[in-house]
Amino acid sequence: MSAHKHPVSASREEWGRERSELRGSARDEAAKAEGRAGANEYSVVIVGSGFAGLCMAIKLLEAGIDDFVILERADAIGGTWRDNHYPGCACDVPAHLYSFSFFPNPDWSQTYAPQPEIRAYIERCAAHYRLHEKVRFSADVSAAAYDERAATWTVHTKDGRAFTGDVLVAAIGGLSRPLVPSLPGLETFAGRTWHSAQWDHDAPLDGKTVAVIGTGASAIQFVPQLAPRVAKLHLFQRTPPWILPRQEQVFSARDKRLFRRVPGLRALHRARLYAGHELRALPFTIRPQLLEWLQPLALRHLHAQVKDPALRARLTPDYVMGCKRILISNDYYPALARDNVEVVTDGIRAITRAGVVTADGRERAVDAIVFGTGFDVHDYIGGMKVLGRGGVDLGEAWRRDPEAYLGTMAAGFPNLFTLVGPNTGLGHNSIIFMIESQVRLVMSCLRTMRARDAATIEPRPEVVRAFNDEMQRRLAGTVWMSGCKSWYQNAAGKNTTLWPGFTVEFAARTARMRPADYILRRRDELPATIAPDATQRGRAA
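Being a predicted model, the structure only gives us computed values, none of them experimental. (Residues numbered from 1 in each chain as written. Predicted model: local features only at pLDDT ≥ 70, side-chain atom pairs only at ≥ 80, totals over all residues. Heavy atoms only, no water.)

> I tried to follow the environment of G207 on my own but got confused; where do I start?
Within the fold, G207 resides in the loop between β7 (192–195) and β8 (209–213). Through-space distance from the C-alpha of G207 to that of F375 is 29 Å; in sequence the pair is 168 residues apart. (Helix = DSSP H or I, 4+ residues; strand = E, 2+ residues; numbered from the N terminus.)

> When you look at the nonpolar core in this model, what are you seeing that I'm missing?
Ranked by size, the top nonpolar core spans 99 residues in total, and within it I46 and F51 carry the most contacts. A per-element tally of this core places helix α14 (residues 431–451) first, with 10 residues. Apart from the residues lying within four places of it in its own chain, the contact partners of F51 are W81, Y98, F100, I118, Y121, I122, I432 and I435. In terms of nonpolar packing, the next biggest core, distinct from the first, is built from 27 residues, V141, Y146, V155 and L394 among them. (Core = buried A, V, L, I, M, F, W, Y, C linked by side-chain atoms within 4.5 Å. Buried < 20%, exposed > 50% of the residue type's maximum accessible area, 1.4 Å probe, protein only. Contact = heavy atoms within 4.5 Å.)

> Explanation requested: the sheet that holds strand β14 (residues 355–358) in the structure shown.
Sheet strands pair via backbone hydrogen bonds, and the direction of the pair is either parallel or antiparallel. Strand order in the open sheet formed by 3 strands is β13-β14-β15, with antiparallel pairing between adjacent strands. Edge strands, defined here as strands with exactly one partner in the open sheet, are β13 (348–351) and β15 (363–365). Taken over all neighbouring pairs, the strand axes of this sheet differ in orientation by 25° on average, direction set aside. Direction of pairing for β14 relative to β15: antiparallel, over a ladder of 3 bridges. (Pairing = 2+ DSSP bridges. Axes fitted to C-alpha atoms, helices over the stretch in contact; angles between N-to-C directions.)

> Could you clarify how one ought to interpret the sheet that holds β8 in this entry?
Reading across the sheet, the 5 strands line up as β7-β16-β8-β9-β12 and stay open at both edges, with parallel pairing between neighbours. Each end of this open sheet is capped by a strand with a single partner; those strands are β7 and β12 (341–344). Adjacent strand axes in the sheet meet at a mean angle of 15°, parallel and antiparallel pairs treated alike. Looking at chain direction, strand β9 (residues 232–236) and β12 are connected through 4 bridges and run parallel. Within β12, the position partnered with F236 by the bridge is V344.

> Please explain helix α3 (residues 51–62) as it appears in this structure.
One full turn of an α-helix is made of 3.6 residues, so residues set three or four places apart face in the same direction. Over its 12 residues, α3 runs 16 Å from end to end, which matches the ideal 16 Å to within 8%, given 1.5 Å per residue. After α3 finishes, the residue G64 shows a positive phi value of roughly 85°. (Expected span 1.5 Å × (residues − 1).)

> Is there a simple way to think about the state of the cysteines in this case?
Chemically, a disulfide is nothing more than a covalent bond linking the sulfur atoms of two cysteines. Following the criterion strictly, the structure yields 1 disulfide and no others. This cysteine, C91, is not joined by any disulfide, and C89 carries the nearest cysteine sulfur, 8.9 Å off. A relative accessible area of 4% means that C91 is categorised as buried. Free of any disulfide, C125 has its nearest cysteine sulfur in C55, 8.5 Å distant. (Disulfide = S-S within 2.5 Å.)

> Would you mind showing me how to read the pairing of strand β4 (residues 141–147) here?
Every regular strand shows the same layout, with side chains that alternate between the two sheet faces. Both β4 and strand β5 (residues 152–157) contribute to a ladder of 6 bridges, which runs antiparallel. Counted as the bridge partner of A145 is T154 from β5. Counting the residues that bridge the hairpin from β4 to β5 gives 4 residues, and of these A151 lies at a positive phi of roughly 55°. Judged from the 3 bridges that link them, β4 and strand β17 (residues 385–387) form a sheet pairing that is parallel. The partner of A145 across the bridge, within β17, is L387.

> I keep staring at the packing of α3 against α14 and nothing clicks. Help me out?
In helix packing, the relevant descriptors are the interaxial angle and the interaxial distance, both defined with respect to the helix axes. It is at 10 Å that the axes of α3 and α14 come closest, and there the two elements cross at 40°. Viewed along their axes, α3 and α14 adopt a mutual orientation that is oblique. Crossing angle aside, the handedness with which α3 passes α14 is right-handed. Note on element contacts: α14 touches α3 through I432, I435, E436, V439, V442, M443 and L446, opposite F51, A52, C55, M56, K59 and L60. Looking at the contact of α3 with α14 residue by residue, the classes come out as 11 nonpolar, no polar and 2 charged. (Parallel < 35°, antiparallel > 145°, perpendicular 65-115°, else oblique. Left-handed = near helix turned anticlockwise from the far one by under 90°. Nonpolar A, V, L, I, M, F, W, Y, C, P; charged D, E, K, R; others polar.)

Set out below in structure tokens:
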């Protein structure tokens, strides 16, 4: 690709002449391709092959842009649904809503799809669009640096490879880095330990004593699977979650047949799900007091499933419903009511070689420790070192104060787009909707660049500041800021994860980029009017 070619101006045929068609095994051919001169230069480099990365790739293809690469750290696609395979793993958003609008699946087995079905769906989607041949597997990205003269990004992997792109899309997501608390003595424990996102299926659990630390969305799914197997389960709970009944429907063969043969029915079902979930934004963001009406339902659910008043007391939250993530389950409370399960509410003082010591000085001997302690959701770039204009480190800046315009672009980082970035998370609807909206914005930016013959695009600093001031102003009146401490907030207590309104508003604001909000520069406006020759790009390690 010529250094002077516009990143989205060439046709599919031109790119086809520049690169031979991949044949046979996508992985083998990719390795051969990387041995050719210039084979690691692209219009777009995408990091991550989960829902966000695949959505970006598909929309590029639909626009006639196939000069892109997807860098994936693992040896398979799937993102969080590849990594999370603990017992009972499932989505808590209905499957017909937690899927691409442009790639419906009539064959979901039930309302809330289990992990194997979601991963299979992702694989089918990638196969349908022939995306596997675009993926470089085992490409664990360590750093990305912006070259101001060439107006390109060079992306480095831990194994020494370098990929250069006019545009960089970070499609990593917030559930990519498991979070394990720093507990004194953890390294001395003699048994096995693992995080729910790194499940040890080989660990012998039958008849063992197991400690589970954490009571979040993953724990309420795997604890009911562990409890019947182990001799004793100690569940260490810091804060009890609000839990509602899970309204599950198993789809019959007739249901699936109708969804397959009557697309309008399938679309209507998805629209009904979307509307129902979208209305939930009202109590979360505008009328938090409405959530008080739901609390009796959750308490009735608790009382119906847990008869022991002392246990019920330990499982009753003392904060406003919705301040932390609301969970759904029909089997979590019954699992905790088993004779072989103990709910421990004392804080953990230390881990010893034999077990867990709580604040009261009691040591509980265990054979294994499982962490259900969530993820570093505030790391929107997956631990990459991202250096923008002037060598500014995005990771350092975002550790202090994550801010991006529409959760997608940061000032000072031209041609860098972040999917599922700051303030794009949801407490009421499907993140897939947000991903599709963000990708729509990225494509609008690329079209505008082409129309204006621009080499770079970035948001104006004052626009970023005004947008994030708006986010914090609106979040201040939501239930998420009603007094509890949750993973929605960073260390300073600022909510940088959630969108403070209806998703339909986000979709409207991302449907088309507003040129006045961005700085677009032609190549002759860059620091050097003559960019480095294409053969020199991306060689620096």
